[in-house]
Amino acid sequence: MNDATINFPEGILGMGGNTAFVMYDLDDNHRALVARDEPTLSLLIVDPLRVDPNYPIARAFARYPYEPEELAIAAVVTRPVDGSMPTVNLAAPMVIGVTSHRAVQVLLDDDKLPLRAPLYRTAAEAKASNEAEARAT
């Protein structure tokens, strides 16, 4: 999706009454949503599949309350001020209509989907995960 205004008729958690956000591509993996009427409010978003390759996209898409259309998904990144590991909210993704630019933040009630999943895995975690996958095959 190129830079575009995305409308969240029901709003976004923590963004007050702002419902219109301009989406900017930052790089291949990151985008920003900036409140159109209050440009000091912004969110960094990523594709949740970057964090969890088994992310339940179909469940999130099923909660899109508007007309059927091609959908995209995004998850909000939090970058702590102390410089610690950025985290991703996998429990409340944003589902975006590609054509209509109408979006909704949905809540996925699943204990396995954390509010603060690490954006990046440490080298040790990646190695352990790769070893587990190798043993499983």
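The rules behind each value
Residues numbered from 1 in each chain as written. Predicted model: local features only at pLDDT ≥ 70, side-chain atom pairs only at ≥ 80, totals over all residues. Heavy atoms only, no water. Helix = DSSP H or I, 4+ residues; strand = E, 2+ residues; numbered from the N terminus. Buried < 20%, exposed > 50% of the residue type's maximum accessible area, 1.4 Å probe, protein only. Contact = heavy atoms within 4.5 Å. Core = buried A, V, L, I, M, F, W, Y, C linked by side-chain atoms within 4.5 Å. Phe/Tyr/Trp six-rings, centres within 6.5 Å; stacked < 30°, edge-to-face > 60°. Lys NZ or Arg CZ within 6 Å of the ring centre and 35° of its normal. Pairing = 2+ DSSP bridges. pLDDT = per-residue confidence, 0-100.

**Some thoughts on the environment of F61**
- With respect to the helices and strands, the residue F61 is situated in helix α1 (residues 57-61).
- Accessibility expressed as a relative area gives 27% for F61, which makes it partly exposed.
- Separated by 35 residues in the primary sequence, F61 and I96 place their C-alpha atoms 9.0 Å from one another.
- When residues no more than four places from it in sequence are discounted, the contact partners of F61 are L71, A72, I73 and V95.

**A word on the nonpolar core**
- Ranked by size, the top nonpolar core spans 21 residues in total, and within it Y55, V88, L90 and V95 carry the most contacts.
- Elements supplying a minimum of two residues to this core: β4 (42-46), α1 and β5 (71-78).
- In terms of residue count, the dominant contributor to this core is β5 (four residues).
- Core analysis: the second largest hydrophobic core is formed by 15 residues, I6, M15, L33 and M94 among them.

**Structural notes on the packing of aromatic side chains**
- Applying the stated criterion to the full structure yields two aromatic pairs.
- Judged by centre distance (5.7 Å) and plane angle (85°), the rings of F8 and F21 are edge-to-face. You can see F8 sitting in the loop between β1 (4-7) and β2 (20-25) and its partner F21 sitting in strand β2, a full 13 residues away along the chain. Taken individually, F8 and F21 each receive the classification buried, so the pair is uniform in this respect.
- Here the aromatic rings of Y64 and Y66 are separated by 5.3 Å at their centres, their planes lie at 80°, and the arrangement is edge-to-face.
- Judged by its relative accessible area of 8%, Y64 is buried.
- Of note, R102 hangs over the ring of Y66, and the distance from its end group to the ring centre comes to 4.3 Å.

**Topic: the environment of V104**
- Relative to the helices and strands, V104 is located in strand β8 (residues 103-105).
- The residues contacting V104, other than those within four sequence positions of it, are F8, E10, R63, Y64, P65, Y66, P93, M94 and V95.

**Thoughts on unusual backbone geometry**
- Phi at H101 is positive, roughly 60°, even though this residue is not glycine.
- Note that H101 resides in the loop between β7 (94-97) and β8.

**Comments concerning the pairing of β7**
- By the alternation rule, side chains of β7 split into M94 and I96 and V95 and G97, which are all buried.
- Here β7 folds back onto β8 in antiparallel fashion, the turn holding five residues, of which H101 has a positive phi close to 60°.

**Details of the confidence of the model for the chain**
- Per-residue pLDDT for the chain averages 85, and the proportion of residues at 70 or more is 85%.
- Confidence drops under a pLDDT of 50 for residues 122-130, and excluding neighbours within four residues, the segment shows two contacts in the predicted structure.

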